[in-house]
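So the chains spell out like this:
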Amino acid sequence: AMIERNVLGAVLNHANRDPDRPAVKDLDRALTRGELRSAAGKVAAGLRHAGVVPADRVALQIGNSVDFVVAALGCLWAGATFVPLAITDPDARRAQIANDCVPVLVVTSGVDQVAPQGVPVMTLSALCATDAAPPAPVVGPISYVIYTSGTTGKPKGVQIPPDAFYTAADACAEAMGLIASDRYLCVSPVHFDGSFSAMFPALIRGVPLVIPDREALLFPRRFFSIVASEGITATSFSPSYLRLLRSSGRLDRLADTPLRVMALGGEAPSIADIKAVWSASPELRVVNRYGPTETTIAVAHLELSPELLDAGMGPTERHQA
């Protein structure tokens, strides 16, 4: 049966339709759609067993990995609101976020992590240790809370309801023209909603998602080797990351990869960097996306072309030195 338009529903539909297709992988493990469904169901069962009820907030102190995807979908399944906490943040910032949104639980991927004080903490594996059957999926009132960078002072928690979340993920998939044969690489850190432009459009369209840890992707040569070896056709990241890739002097390697579409967002991109992409790979589609976190990831997109840029119609770099 078709489940209503929400992120988890779309993921479950794909799992029910074709459970053996690949769904998500990092550099350590890979899950099919059916395995992802069963792992997320285990998390939902574990959350219920731990006393989490719909609308409760659950902090996820988990880096870029299959674990993060499983945990986030498990929260959605239980109707809980997931709140990503950066594993790289100072304890003080994580404490500030916990004091603000008062999660009932912090889920970590490893035992060695220090969670904010005063909040019960469980590792993902301990959470999944229950034998209880997964509960029936519940659509909670708020899918996630994400904290802005705090450029104007204190970070603000932005609450995103399920329909806005689905609409944003679907619009991104549409803007990028995602198709079943694509393979999507997540580059941005999961505590920044830019990463949701990679994870959730892929997941709701049944496109295999590759989500390596951040350390792997901080080295441009690793980015190019992952894109080539994993057969990546689509990705999205910030213009700063594109600048890093270009400054590595390896951008011409794009020509030897199957990458066909790249979305940029989070700040104004550099025209020179975009032109460098096209001189390396002339057919590569570049989609510029923009939006405040408060309006769900992005509100506008424009597919760039050499003609647009030559006509001065592209993104402006007013804000860049």
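Residues numbered from 1 in each chain as written. Predicted model: local features only at pLDDT ≥ 70, side-chain atom pairs only at ≥ 80, totals over all residues. Heavy atoms only, no water.

Let us now look at the pairing of strand S4 (residues 81-84). Every regular strand shows the same layout, with side chains that alternate between the two sheet faces. Residues of S4 alternate between two faces, with Thr-81 and Val-83 on one and Phe-82 and Pro-84 on the opposite face, all of them buried. Note that strand S3 (residues 57-61) and S4 share four bridges and pair parallel. Paired with Val-58 across the strands is Phe-82, a residue of S4. Following the backbone out of S3, through helix H3 (residues 66-78) and into the adjacent parallel S4, one traces a crossover that is right-handed. (Buried < 20%, exposed > 50% of the residue type's maximum accessible area, 1.4 Å probe, protein only. Helix = DSSP H or I, 4+ residues; strand = E, 2+ residues; numbered from the N terminus. Pairing = 2+ DSSP bridges. Right-handed = clockwise from strand over helix to strand, strands pointing away.)

The next subject is the packing of helix H2 (residues 33-49) against H3. Two numbers describe how H2 lies on H3: the axes approach to 7 Å, and their chain directions differ by 60°. For the element pair H2 / H3, the angle class is oblique. Helix-helix and strand crossings are classified by hand; for H2 and H3 the assignment is right-handed. Contacts between H2 and H3 pair Leu-36, Arg-37, Ala-39, Ala-40, Gly-41, Val-43, Ala-44, Leu-47 and Arg-48 from the former with Val-69, Val-70, Ala-71, Leu-73, Gly-74, Cys-75, Trp-77 and Ala-78 from the latter. A per-class count over the contact of H2 with H3 returns 13 nonpolar, two polar and two charged. (Axes fitted to C-alpha atoms, helices over the stretch in contact; angles between N-to-C directions. Parallel < 35°, antiparallel > 145°, perpendicular 65-115°, else oblique. Left-handed = near helix turned anticlockwise from the far one by under 90°. Contact = heavy atoms within 4.5 Å. Nonpolar A, V, L, I, M, F, W, Y, C, P; charged D, E, K, R; others polar.)

Another point: the pattern of salt bridges. Using the criterion set out here, one finds ten salt bridges in the structure. The partner of Arg-205 in a salt bridge is Asp-170, with the nearest N and O atoms 2.9 Å apart. Here the residue Arg-205 occupies a position in the loop between helix H7 (196-204) and strand S10 (209-210), and Asp-170 occupies one in helix H6 (residues 162-176), the gap between them amounting to 35 residues. Residue class for Arg-205 comes out partly exposed when judged on its relative accessible area of 25%. In this structure, a network of salt bridges that share partners links the residues Lys-25, Arg-183 and Glu-230. (Salt bridge = Lys/Arg side-chain N within 4 Å of Asp/Glu carboxyl O.)

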